[in-house]
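The primary structure of each chain is shown beneath.
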Amino acid sequence: MKTILALDQGTTSSRAIIFDRQSGIRAVAQQEFTQIYPKPGWVEHDPNEIWKTQLKVAKAAVRKAGLKPQDIAAIGITNQRETTVAWNRETGEPIGPAIVWQDRRTAPFCDELRSQGLAPLIQKKTGLVLDAYFSGTKMRWILQHVKGARRLAREGKLAFGTVDSWLLWHLSGGVHHLTDVTNASRTLLMDLRKGKWDKDLLDLFGIPPQTLPEIRSSSEIYFETSLLGGSIPVAGLAGDQQAALFGQACGSPGMVKNTYGTGCFMLMHTGNKPKVSKNNLLSTVAWKIGKETEYALEGSVFIAGAVTQWLRDGLGIIGKSSDIEPLARQVEDNGGVYLVPAFAGLGAPHWDPYARGTIVGLTRGTQAGHIARAALEGIAYQVVDIVRAMEKDAGVPVKELRVDGGASLNGLLMQFQSDLMGVPVLRPKVAETTALGAAYLAGLAVGYWKSRHEISRQWQIDSRFKPGMKPAQVRRLMTGWGKALDRSRQWEDSAS
């Protein structure tokens with residue numbers, strides 16, 4: 001039986017997952033890679049390490065499943081978005097570290113553009129809030145600060161890309177410089193309605209058009225790769241959150257999913273026209289299949305599962321990530337403790353790059369369990385902030401939340417999320433919906449799955465969490481969260 005190989009290149013690890021026709025997982029391989037923090041607010045990756053780990057796990061997954069290249073019908077790719085790589089087209093070597101989506105070094109430039117009154121124009125064209133999160137400001141920074149970058153650009157030798165483009169470049173042996181419309185829509189450089197690079201925005205950010213990849217759809221045969229020992233079509237591509245929306249079968253307007261990964265990312269399908277947010281959310285491309293482009297509203301939380309890593313690696317109060325739930329269950333409630341995980345500023349709907357992580361409400365009676373519980377609850381509060389903004393933009397209440405990602409396996413967090421929102425939280429049987437979405441997009445392109453209807457029938461519930469908390473308690477908790485949030489805001493001096 002043929003299978004689909006999904007390459008899931010995330011913020012902290014590279015993974016490869018092999019799916020069968022029933023969406024069953026045949027094999028998984030994963031490898032973490034180095035996180036680099038050269039200065040406060042700066043986050044970097046080694047592009048070569050990203051590629052090497054991704055290729056290594058792809059080969060390992062094929063080997064684990066006992067497959068040959070001819071057993072793989074297609075490869076789908078999903079990736080951490082906004083992380084920016086620049087490389088020399090002639091040598092294939094990066095000219096510096098990748099600047100990660102969490103990186104805040106370009107916040108002062110965003111302030112400059114905002115002071116010039118350009119934020120509304122940028123949002124109108126791109127659907128995005130002006131923020132250091134997105135790739136365009138990172139590309140500009142590289143041109144200004146990396147030695148030789150401008151010269152290479154003038155000579156036509158510089159390639160800019162998000163991580164998907166970097167992987168495609170290598171998979172094609174340096175022949176193809178491509179991206180898809182979902183990733184391009186996260187750069188601040190693409191016209192959301194036209195699906196093309198916008199000349200005015202390129203001029204504003206000082207990005208030479210010849211450095212950028214060609215924009216393609218999310219489901220088509222881009223080329224065939226021979227790096228796994230045989231010729232395999234690379235046929236699906238989407239940024240991680242759009243891939244998860246597709247993998248969760250959220251193909252109708254009003255359907256919502258939230259991914260609990262390094263960050264938290266909630267998307268609501270809005271149909272075949274972009275909906276401009278009035279509540280500080282993002283309007284983005286959901287996917288493009290054939291000639292049809294579909295759109296979504298998105299809210300992004302910068303730090304979610306990463307707070308668990310911080311408890312493990314920074315504070316050392318847990319030995320492994322899965323220890324957080326039993327530690328949090330050692331206490332009945334948060335004991336008045338709130339943790340705002342604004343380690344990289346605040347994302348939607350607050351958009352404060354100068355906020356910083358805060359723990360408030362500590363007393364002599366505070367235990368490690370209270371901090372663990374507050375860390376988990378801090379994830380859920382941030383999600384509620386986005387839900388309320390999304391409901392205002394859409395004009396309809398969220399009726400249910402489909403969830404995925406590593407932290408969605410935390411039962412305490414999912415129950416608390418349902419309690420705060422007052423709606424059911426649904427976790428599917430296949431939790432790897434990001435990789436699954438990439439597999440679906442690739443499979444559609446090569447006829448492995450015949451239709452989106454066939455795919456949507458495969459979605460099944462594993463766990464349903466129902467709200468059980470009294471409204472008065474929810475209001476009390478949300479009030480405490482609001483007070484904690486206020487204390488984290490504008491912590492850093494914008495001039496620094």
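Residues numbered from 1 in each chain as written. Predicted model: local features only at pLDDT ≥ 70, side-chain atom pairs only at ≥ 80, totals over all residues. Heavy atoms only, no water.

### A short note on the overall build of the protein
Selection rule: For the purposes of this entry, the term helix denotes a DSSP run of H or I that reaches at least four residues, the term strand denotes a run of E that reaches at least two, and both are numbered from the N terminus. Restricting the calculation to C-alpha atoms gives the radius of gyration, and the globule rule supplies 2.2 Å times the number of residues raised to the power 0.38. Burial classes follow relative accessibility: with a 1.4 Å probe on protein chains only, a residue under 20% of its type's maximum area counts as buried, one over 50% as exposed, and anything between as partly exposed. Here a residue-residue contact requires only that any non-hydrogen atoms of the pair lie within 4.5 Å. Accessible surface is estimated by sampling points in the Shrake-Rupley manner with a 1.4 Å probe; for residues, cover comes only from the protein chains shown. His is not counted here, nor are the chain ends, while Lys and Arg score as positive and Asp and Glu score as negative. Working definition for charges: the position is that of NZ of Lys, CZ of Arg, CG of Asp or CD of Glu.
Secondary structure assignment for the protein yields 16 helices and 23 strands. Scaling as 2.2 N^0.38, a compact globule of 496 residues should have a C-alpha radius of gyration of about 23 Å, and the protein matches this with 22 Å. In terms of overall dimensions, the protein has a C-alpha envelope of 60 × 55 × 45 Å along the principal axes. Within the protein, the fraction of its 496 residues that count as buried is 62%. For the protein, the proportion of contacts with a sequence separation of at least 24, taken over those separated by at least 6, is 72%. Here the protein has roughly 19,000 Å² of accessible surface; of this, 50% comes from carbon and sulfur atoms. Positive and negative side-chain charges in the protein, numbering 60 and 47 respectively, have mean positions lying 3 Å apart.

### Focus on the packing of helix α13 (residues 411–421) against helix α16 (residues 471–488)
Two packed helices can be described by the angle between their axes and the distance between those axes. Applicable threshold: Orientation is described by lines fitted to C-alpha atoms, with helices fitted over the stretch in contact, and by angles between N-to-C directions that extend from 0 to 180 degrees. Any angle that falls under 35 degrees is termed roughly parallel, while one over 145 is termed roughly antiparallel, one within 65 to 115 roughly perpendicular, and all others oblique. Residues are sorted three ways: Asp, Glu, Lys and Arg are charged, Ala, Val, Leu, Ile, Met, Phe, Trp, Tyr, Cys and Pro are nonpolar, and all the rest, Gly among them, are polar.
Running from N to C, α13 and α16 point in directions that differ by 100°, and their axes come no closer than 9 Å. On the basis of their axis angle, the class for α13 and α16 is roughly perpendicular. Side by side, α13 and α16 meet where F416, D419 and L420 of the first sit next to V474, L477 and M478 of the second. Considering only residue class, the contact of α13 with α16 consists of five nonpolar, no polar and one charged.

### A short note on the pattern of salt bridges
What counts here: The working definition used for a salt bridge is a side-chain nitrogen of Lys or Arg within 4 Å of a carboxyl oxygen of Asp or Glu.
Taken as a whole and assessed by the stated rule, the structure comprises 28 salt bridges. Between R114 and D111 there is a salt bridge; the shortest N-O distance is 2.9 Å. Taken together, the positions of R114 and D111, both in helix α2 (residues 107–115) and three residues apart, correspond to about one turn of that helix. The exposure class assigned to R114 is partly exposed, which follows from its relative accessible area of 38%. In this structure D111 comes out as partly exposed when scored by relative accessible area, which is 24%. In this structure, the salt-bridge partner of R427 is D462, at a minimum N-O distance of 3.8 Å.

### Some thoughts on the environment of K194
Residue placement: K194 occurs in the loop between β10 (190–191) and β11 (196–197). Since its relative accessible area comes to 63%, K194 is described here as exposed. Considered as a pair, K194 and T126 are 68 residues apart in the sequence and their alpha carbons are 9.9 Å apart.

### As for the environment of G136
Within the secondary structure, G136 sits in helix α4 (residues 135–145). Note on G136: relative accessible area 0%, which makes it buried. Separated by 329 residues in the primary sequence, G136 and F465 have C-alpha atoms spaced 39 Å apart. Among all residues touching G136, those that are not within four sequence positions of it are T187, L189, F205 and I207.

### Focus on the pairing of strand β2 (residues 13–19)
Quick reminder of the rule: Here the rule is simple: two strands pair whenever DSSP picks up at least two bridges between them.
Among the seven residues that make up β2, seven are buried, leaving the element largely enclosed by the rest of the structure. Across the two faces of β2 the burial is the same, with S13, R15, I17 and F19 and S14, A16 and I18 all buried. Summarising the sheet, strand β1 (residues 3–9) and β2 pair through six bridges and their orientation is antiparallel. Paired with L5 across the two strands is I18, which belongs to β2.

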